[in-house]
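One letter stands for each residue in the lines below.
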Amino acid sequence: MPTPTIGVFDSGFGGLTVLRALIDRIPQAQFAFLGDTARLPYGSKSRRTIARYAAESARFLVNEQGAEFLLIACNTASALALDAIQDAVSVPVLGVIEPGAQAASAASQTKDVLVIATDATVQSHAYTAACRSQGLRALEKACPLLVPLVEEAWIDASTVIAASAAEAAPVPPRAAVTAEVIRIYLAELTSEAAARGFNPDVLVLGCTHYPLLRPLFEAAVPAGMRIIDSAQAAADAAVQSINGRLASAAAGSSARPTELRCFATDSVEKFERLGSRFLGQPVGKVQLVDLGG
Ligand code: DGL
């Protein structure tokens, strides 16, 4: 029985962290990944524009690539456009916000959590709402400098592949700039939390680009604070939601290799160069698609 195709969508490369987590869990499946790189960043745009872009991207994955399940590997699109995506396609659609909030709830003792995300995600307060429904208080902060730093790979690439080696590795100059940006954002957020009487013990990475910076976050958070990666949480939730046909087909042949098709709306060469690093394995030939303006 052929395995259904799982569509994974992000505005850029960041969603490859979600795809990577998904491939780890169901390596025998077929995946189609779309990075809407021509229209990145979504995080500084209006709800209306994000909804249009996300719906067009979802239709491409379902109508042209045959995706039978969609994972929205973008917090911004999940926060502002999940309804629009669900209206645009007829397959099951999962976003990253609910799984992120559920993982935060499982990890937090104090029930106060910090969330960092794009401007649009923070302004939507989707995390505040999702966390509230889990019995958590959330304090959110927009960190708009971080997505460009990830897209430009101002990170320590070796720490992306082997996060556990991060402490031993020297931080290269570009990553040091990013580390300082993170330090400032977290200092502002933790002082606001103290001023408002929060006692947070969890930091949610509410943007799928941020897991690429995880070693730098690990070094910057207060002692004892746990970091929740919405990519891992979403991949876990996706595996649960994906229908029985996929589960049984994926479990069937352990010899079946992962089938992956990657698409981008711009910068195919850059995607091929950087994407493999983010995915932890070759992305292969990336195909350029035109979804309009
Ligand atoms: N990956 C997107 C997210 O998770 C952010 C990138 C963007 O601003 O387009 O929110």
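Residues numbered from 1 in each chain as written. Predicted model: local features only at pLDDT ≥ 70, side-chain atom pairs only at ≥ 80, totals over all residues. Heavy atoms only, no water.

1. Here we look at the pattern of salt bridges
Right, so step 1: As enumerated under the stated definition, the model contains 11 salt bridges in all.
Right, so step 2: Salt-bridge contacts for Arg39 lead to Asp36; the nearest nitrogen and oxygen are separated by 2.8 Å.
Right, so step 3: Exposure remark for Asp36: the relative accessible area of 0% places this residue in the buried category.
Right, so step 4: Here Glu180 and Arg183 are joined by a salt bridge, their closest N and O atoms 2.8 Å apart. With Glu180 and Arg183 both in helix H9 (residues 173-195), this residue pair falls 3 residues apart, about one helical turn.
Right, so step 5: Owing to a relative accessible area of 36%, Glu180 belongs among the partly exposed residues under this scheme. (Salt bridge = Lys/Arg side-chain N within 4 Å of Asp/Glu carboxyl O. Buried < 20%, exposed > 50% of the residue type's maximum accessible area, 1.4 Å probe, protein only. Helix = DSSP H or I, 4+ residues; strand = E, 2+ residues; numbered from the N terminus.)

2. Some remarks on the pairing of strand S5 (residues 112-117)
Right, so step 1: Burial analysis of S5 places 6 of its 6 residues in the buried class, which makes it a mostly covered element.
Right, so step 2: Burial along S5 is two-sided: the residues Asp112, Leu114 and Ile116 and Val113, Val115 and Ala117 are all buried.
Right, so step 3: In the sheet, S5 pairs with strand S6 (residues 137-142) via 6 bridges, with the strands oriented parallel. Paired with Ala117 across the two strands is Ala142, which belongs to S6.
Right, so step 4: Pairing of S5 with strand S7 (residues 202-205) involves 4 bridges; the strand directions are parallel. Across the sheet, residue Leu114 finds its bridge partner in S7, namely Leu203. (Pairing = 2+ DSSP bridges.)

3. Thoughts on empty space enclosed by the protein
Right, so step 1: What the rule picks out here adds up to 2 cavities of 30 Å³ or more.
Right, so step 2: Taken together, 13 residues form the lining of the largest cavity, with Ser11, Thr76, Thr118, Val147 and His209 sitting closest to its centre.
Right, so step 3: Its residues placed into classes, the lining of the largest cavity shows 6 nonpolar, 6 polar and 1 charged. (1 Å grid on protein atoms, 1.4 Å probe; cavity = no way out; pocket = protein on both sides within 12 Å on 5 of 7 lines; lining within 4 Å. Points joined across faces, edges and corners; volume = space filled by probe spheres on them. Nonpolar A, V, L, I, M, F, W, Y, C, P; charged D, E, K, R; others polar.)

4. Some remarks on the site of the ligand
Right, so step 1: Looking at the ligand, there are 14 residues lining it, with Ser11, Tyr42, Gly43, Asn75 and Thr76 nearest.
Right, so step 2: Taking Asp10, its side chain carries an N or O atom lying 3.0 Å from a nitrogen atom of the ligand.
Right, so step 3: Thr76 is positioned with one of its side-chain polar atoms (N or O) 2.6 Å from an oxygen atom of the ligand.
Right, so step 4: Against a free-state accessible area of 290 Å², the protein chains account for coverage of 99% of the ligand.
Right, so step 5: Of the pockets mapped on this structure, the ligand occupies the largest cavity.
Right, so step 6: Across the shell around the ligand, the residue classes tally to 6 nonpolar, 7 polar and 1 charged. (Near = heavy atom within 4 Å. Polar contact = N/O pair within 3.5 Å; in protein donor to acceptor, adjacent residues only side chain to side chain. Areas by Shrake-Rupley, 256 points an atom, 1.4 Å probe, with all protein chains shown as cover. Sits in = over half its atoms within 2 Å of the grid points.)

5. Brief notes about the packing of aromatic side chains
Aromatic rings considered in pairs are described by the distance between their centres and by the relative angle of their planes.
Right, so step 1: Using the criterion set out here, one finds 7 aromatic pairs in the structure.
Right, so step 2: The interplanar angle of 50 degrees and the centroid separation of 6.1 Å between the aromatic rings of Phe9 and Tyr42 together place this pair among those described as tilted. Here Phe9, found in strand S1 (residues 5-10), pairs with Tyr42, found in the loop between strand S2 (30-35) and helix H2 (47-64); they are 33 residues apart in sequence, far enough to count as distant.
Right, so step 3: The class of Phe9 is buried, set by a relative accessible area of 1%.
Right, so step 4: A relative accessible area of 1% places Tyr42 in the buried class.
Right, so step 5: Considering the side-chain rings of Tyr210 and Phe217, the 6.2 Å spacing of their centres and the 45 degrees angle between planes classify their relative orientation as tilted. As far as burial versus exposure is concerned, Tyr210 and Phe217 are alike and both buried.
Right, so step 6: Of the aromatic side chains, those joined through ring pairs into one cluster are Phe13, Phe33, Phe271 and Phe278.
Right, so step 7: The lysine or arginine in question, Arg137, covers the ring of Phe198, its NZ or CZ lying 4.2 Å from the ring centre. (Phe/Tyr/Trp six-rings, centres within 6.5 Å; stacked < 30°, edge-to-face > 60°. Lys NZ or Arg CZ within 6 Å of the ring centre and 35° of its normal.)

6. Here we look at the sheet that holds S6
Right, so step 1: If you walk across this open sheet you meet the 4 strands as S6-S5-S7-S8, and the pairing is parallel. The sheet is open, and its two edges are formed by S6 and strand S8 (226-229), each paired on a single side. Between one strand axis and the next, the sheet turns by 25 degrees as a mean value, whatever way the strands run.
Right, so step 2: Across the sheet, helix H4 (residues 97-107) touches S5, S7 and S8, and the angle it forms with S8 is around 155 degrees. (Axes fitted to C-alpha atoms, helices over the stretch in contact; angles between N-to-C directions. Contact = heavy atoms within 4.5 Å.)

7. With respect to the nonpolar core
Right, so step 1: Of all hydrophobic cores here, the largest spans 61 residues; its most connected members are Leu146, Leu203 and Phe217.
Right, so step 2: Among all residues touching Phe217, those that are not within four sequence positions of it are Ile116, Leu146, Ile182, Leu186, Leu203, Leu205, Tyr210 and Ile227. (Core = buried A, V, L, I, M, F, W, Y, C linked by side-chain atoms within 4.5 Å.)

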